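Coordinate inspection notes
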Amino acid sequence: MYDKEKKLVDAYLRGTVSRRSMIKGLGAMGMTAATASVLVNASATRALAQNGFDWKKHSGQTVKLLLNKHPYADALIANLDNFKELTGMEVEYDVFPEDVYFDKVTAALSSGSSEYDAFMTGAYMTWTYGPAGWIDDLNEYIMDPAKTNPDYNWEDVLEGVRKSCAWNGRPGGALGSEDAKQWCIPLAYEQNNLTYNKNVFERAGLSVPTNIDELVETAAAAKAAMNGGYGIGVRGSRSWATIHPGFLSGYANFGQKDLNVSDDGLLSAAMNTDVSKDYHAKWVKMIQDSGAPDWSTHTWYQVGTDVGAGKSAMMFDADILGYFMNGGTAEAGNLAFAPFAANPDAAAPTPNIWIWAMSMSSFSKNKDATWYFMQWVTGPEHDLFGAREMDLVNPARSSVWADEMFRDKLAASYPGYVEMHDVSAPGASIKFTAQPLFFDLTTEWAATLQKMVAREVPVDEGLDQLAASVDAQLKDAGLG
Amino acid sequence: MADIARPKPRKGFRISRGLLPYLLSLPALLACIGILVPFFTAVAYSLQRYRLSQPWARRWNWGENYLNFLSDSSFWNTLKVSLTYAFLTVGVELLLGLGIALLLQKRSRFNNFVSIMLLMPLMTAPALASLMWKLMTNPGFGILSYFASLIGLEDFRWASSPQTAMLTVVLVDVWVYTPFIMILLLAGLRSLPQQPFEAAALDGVPRLFVFWRITLPMLTPFLLTATLFRVIESIQQFDIIYAMTQGGPGDRLTVFQVEAYLNFFQSTNVGRSAALLMILWAITYFLSNVFIKNWLKLREKQRGDI
Amino acid sequence: MRHTSTFERVLRGTAITLVILFFMFPIFWIFLMSFQTNETILRVPPSVVFQPTFSNYAALITGKLETAAGSLEINFMRNLWNSLFLSTASVAVGLLLGIPAAYAFGRLKFRGSEDIAFTLLSFRFAPPLLVLLPLTIYFQKLGLADTYFGLIWVYQLIVLPLILWIVRGYFEDIPADIEYAYRIAGHSWFATFRKVALPLAGPGIAAAGLLAFIFAWNNFIFALVLASADKQPVTVGALAFVTASGIQYGQVAAGIVLSILPTFALALYAQRYLVEGLSLGAVKG
C-alpha cells in the first residue's frame, strides 16, 4: 500500500477521519469502497502481525474448511487474504447450502473423513459431535500461550455465548461448568426477539407487546389490520428448529425447562407443568387465531420472507433474520426491533440463542495449523471487520459491541436493534438441557405442537403424552 | 424357442456355450456386488444398540430394535402412511398414465411432441420441484392457492393441514411420476400387434370390450414393469415429502425414509434407522418378487400364444 | 378404421387439454418466474403482469448472485457440468455393463439366470439411506470418497437395474430365427450379437438409456454425501439459492429451467426411440 493511503486508513482507525471521508479520499486515489474495506482491515492485520506471536510458524501449510452458505461464511471468505498474508498459510473451503449442510457434516464426521480440518456448526450439534469423539476440546489450545496469540482475549467473548458452547459431556450437565469442554468457538449468534412492521403498527395504532398476553392480543389486532396478511410469524415445521427460537425464549422466561435433572444425574420430562400448559395454550391459540395459515410448514425462510414481503405484521424469531429482511425486500426500511419478555413478572428477556461457531475435527491431520486459523477467525480483529464491513451480526465479542462505528451502522438503518440487543444480551444463553437425545425430543415436541394447533389433541393431553414419550425414550437410552 | 447359441462357430475364438451367459452377466454383477458389503454392514448395525452420540453404549442387542417396533405406535404409523402413500400414488399414476397413453396412442407429430413435452415434470429434480410446489401452494403468493380461492376454496391449506397434506404430496408425486408410466405404456400400446384389433373392428366388437379383452391383457407386461419400478420408488419416497412437510403436520407423513433419515442424520440413532430401513427393504423385496414372478409367467404365456 | 364422431373428438380434445394444463402449467409458471425478481414473485395475489428481467440467468451464468445480504459467489455452471458428466458417464458405463447382461438373461437362458437377474434388480430395492453410512466409511478407506470414479460406480445402483430390465425385454422379443439364420451362415456369436441383436434392440437401448439418464440426473443424496463441493450436481447446487435473505425463487426457477434443458433436448432428439423404443415387442407387429 502507498504511504498516502496508509495514512488515511490509519487516521480512520484512530477515529480522526470519518468512514465516508476515508472512502472518498481513497476513491480519489482510485480505489473502490470494497477494496477500501479490505485495506482497512489489512492495516488491522499488520497490527496483529506485530504482537510478538510467531504467526508464520505454519507457513506453507493448508487448512480445509467446511462452511455453511451464510453471510458469516461470506465475511470469513472476504477477509481470508489477510489471514493468508499474516500466516503464509493456504486455506481451502467447501461451501454447502444450509438445507443440506448438517447432513454433509454428519456424513463427513461419522465416516472419519480427514478431508476437513475445521467446520461451522451450531452449539446443539456439538452435543452429538463431542460425545461421538468427532471434535476436539478447544480449551487445550485456548489456554496454551504457545499456541494462542496474546491478543486473542478469550474473556472478551460474551459470557452467555461462550459458556453455551461448553459442556462437560454428561447428559444434563450444565453448560459452561467448571469441567466443561469447549466444543466450539462462536463466530456470531442470534437472539430471539420481536421484529415488527412499524408502518402496520402505526396504521393500526398498536404498541409493541411486552408480555405473552399482549403478544396474543396484538397479533390478533394486527391480523385484522393486515388485509389478507396475518398477525405474527413463528416457525412451525416438524423440526427441532420450531422449538428453539421464539417459542423456547418465551417458555424459558417463565422459568420453565425442557428436562429435569435429578441429583443422581437422571433426566425426566419437565414440559407438562401447569405453567407450561398455560404457556402452550396461549402460544397455540396465538397461532390458530393470528399465525400463518400454512404455519406447520414454516421454517425460518418463510417466517422471514413473509415479514419482509409485508405479509405478516411481526415475527418472534431470530433478530438477525429481521436484520436481513430490512434490506432488499418489499418492506425494507419499515422493520423495527424490540426485546420481548413473555412473562409479565420477569425482569428482562431471556432469549434462547442460536450460535454459529467453529469446531475442529478430531480427524484433522494438521491441528496446530488449524488452530491458527480458528483463533484468527474467532479473534477480535476478524469479528470487528465482519461486524463493521460485512453482515457478521450479532458479533460474539463485547469489544465489538462497544465499537461506536458498528453501533452507528446499526442505529442508522435498524431502529431499536442496538437497544434490543443490550437489553436482552445479559439473559441470552442456550436454554435447553444438553443431552444426546436433543433432536429426538425437540422434533417430537414440534410434532406435538402441530397436532395441538390442528386441534387434533388438546394442549394438556398432548403435553402429558409428550412427557410420557420423552420419559420412555430417556429411559430406553439409559438417561432417565 | 430356439437356442441361438447352439451352432458352433467354425472359426475364431471359442467360448464354451455354457460359460458365455455367465461371462456376459458377470461384469454387471461384479459392479453391483460391491454393494453387498455396505448392505451387510447395515444389517449388522440394525442388530445393535448404536447411537453415534453415545458410543460407549454401543453393543449387540440382536433383534431388540425389531422387537421394539411391535409395541411402537410410531412404527405402525410409519408403515401405514408408507403403504397408503404408495398405494395412492401408484394407483392414480397408473390410471392417469394409461389414460394419457390411450389419448396419445395414434402416431402423429402432435402426439409425439406432446408425449415428450409431458416428460418435463420427470426431468425436474423432485427436490427442486417440491420447492416450487411449496411456493405455488403458499396461501398468499401461491398461484394454486389463488386458483383455489377463485373456485370458492377460500382457506385451502394444502400441505400444512392434516386433512389435505397427504393429498398434496400425492398430487406432487403424480405430477412428477405419471409421465414415467405414461411413456412406458404409450410405447407398449404402439407396439401391440395390429391383427387382433383389425379383426375386432371388422366384427364390430364394442370398443369397451376390445379394451378389456384385448388391449389390457396384451398390455399387462408393460403395466407390471411400470408398476414395479413405481412401487419400489414410491414406497421409498423421500425428496417430495421431506421438502414439502418434513413428515408433518403431526405424524401424518412420516414415511419410512423420512423417519429413517431423521433417525440417522438428526438423532444419529443408527441402530433404529438401519432396522427401519431393513424392514422397508424386506417389503420392497417381497412386493417386487410378486411382480416379477407374474411378469415372467405372463411373458411365457404370451410367447406361447404367438 | 372406425369413424370418430364429433362428440368423441371434442371429448378427446378436452381431455388432452386438461392433461397438458395439469402437467405443463407448473412448468410454465416456473418459466415465468425465472424472468422475475423475488419481489414480483412474492406478490399477493400472484399476477402474470411483470417487467421481465434476465438477471436470474445472468447471475447463474456469471456466478455472481446479488441478494439483500450482499453479493454471493455461486458455481451453478460447474454444478451443471458435473450433472452432465456424472449422468452421461454413468449411463455409458451402465449400458456397457448392462447390455451384455441383458442379452444373456433375455436370450441365452441359463441355469440360475432368473436368480441372477433378480439379484441385480434387488440392488435397487436397498433404500439409498441404508447403504449410505457404511458406504461412506468404506469409500473413505478405499480412497474412493470424493472421486468421480466412486460416484459413477455408486450411480450404477440407479441406472444399471433400469437398463437391464428394460433392454432385456427387447432381446427376448427379437425373433430367434433371425439370429439363428445369421449364425447358420457361419458368423460368430459376437458378430451375430453386434450385427443383428444390437441394431434390432437399438430403440429400446436408447430409450432405457434416456430414462436412466433422467434418474441419474435427478439423484441428490449420493453426490451430496460422497463428494466435496466441486463435484456436486445441480440438484444440490440449486439449493444455494436458499440464502440468509430468503429463498431466491427467481434463481431457483432459472436453475430448474437450465437443468431441464439438456435432458429435454436429448429427449427431443431421441423422440422416435423414446416413444417407439420402449415397446418391448417392437419388431413383432
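**A few points about the overall build of chain C**
A count of helical and extended segments in chain C gives 13 helices and four strands. Principal axes of the C-alpha set define a box for chain C whose edges measure 75 × 70 × 30 Å. Out of the 285 residues belonging to chain C, those deemed buried represent 56%. Residue pairs in contact within chain C that sit at least 24 positions apart in sequence constitute 77% of those at least 6 positions apart.

**Overview of the overall build of chain B**
Secondary structure summary: chain B contains 14 helices and two strands in total. Overall, chain B is about 65 × 65 × 35 Å in size when its C-alpha atoms are taken along their principal axes. Taking the intrachain contacts of chain B between residues at least 6 apart in sequence as the baseline, contacts between residues at least 24 apart amount to 69%.

**A short note on the interface of chain B and chain C**
Contact residues are listed per partner, giving 82 residues for chain B and 88 residues for chain C. Ranked by the residues each element gives to the side of chain B that touches chain C, the list is headed by helix 14 (residues 270-305) of chain B, at eleven residues. Residue classes in the side of chain B that touches chain C are distributed as 62 nonpolar, 16 polar and four charged.

**Regarding the domain arrangement of chain C**
Accessible area lost upon the coming together of the parts serves often as the stated size of an interface. Residue and element names in this part refer to chain C. Parsing chain C into structural domains produces domain 1 (6-73) and domain 2 (76-277). One C-alpha centre belongs to domain 1, the other to domain 2; they are set 30 Å apart. In this assembly, 19 residues from domain 1 lie in contact with 16 residues from domain 2. Take the side of domain 1 that touches domain 2: its biggest share by element is five residues, from helix 3 (residues 55-62). In terms of residue class, the side of domain 1 that touches domain 2 is made up of twelve nonpolar, seven polar and no charged.

**A look at the interface of chain A and chain B**
Opposite the 27 residues of chain A that make contact, chain B presents 29 residues. Taken together, the elements giving at least two residues each to the side of chain A that touches chain B come down to helix 6 (98-110), helix 7 (123-132) and helix 22 (438-453) of chain A. Split into classes, the residues belonging to the side of chain A that touches chain B amount to nine nonpolar, eleven polar and seven charged.

Basis of the calculations
- Residues numbered from 1 in each chain as written.
- Chains lettered and ligands numbered in written order.
- Predicted model: local features only at pLDDT ≥ 70, side-chain atom pairs only at ≥ 80, totals over all residues.
- Helix = DSSP H or I, 4+ residues; strand = E, 2+ residues; numbered from the N terminus.
- Buried ≥ 20, exposed ≤ 12 C-beta atoms within 10 Å, placed from the backbone.
- Contact = placed C-beta atoms within 7 Å.
- Nonpolar A, V, L, I, M, F, W, Y, C, P; charged D, E, K, R; others polar.
- Domains from an automatic or database assignment.

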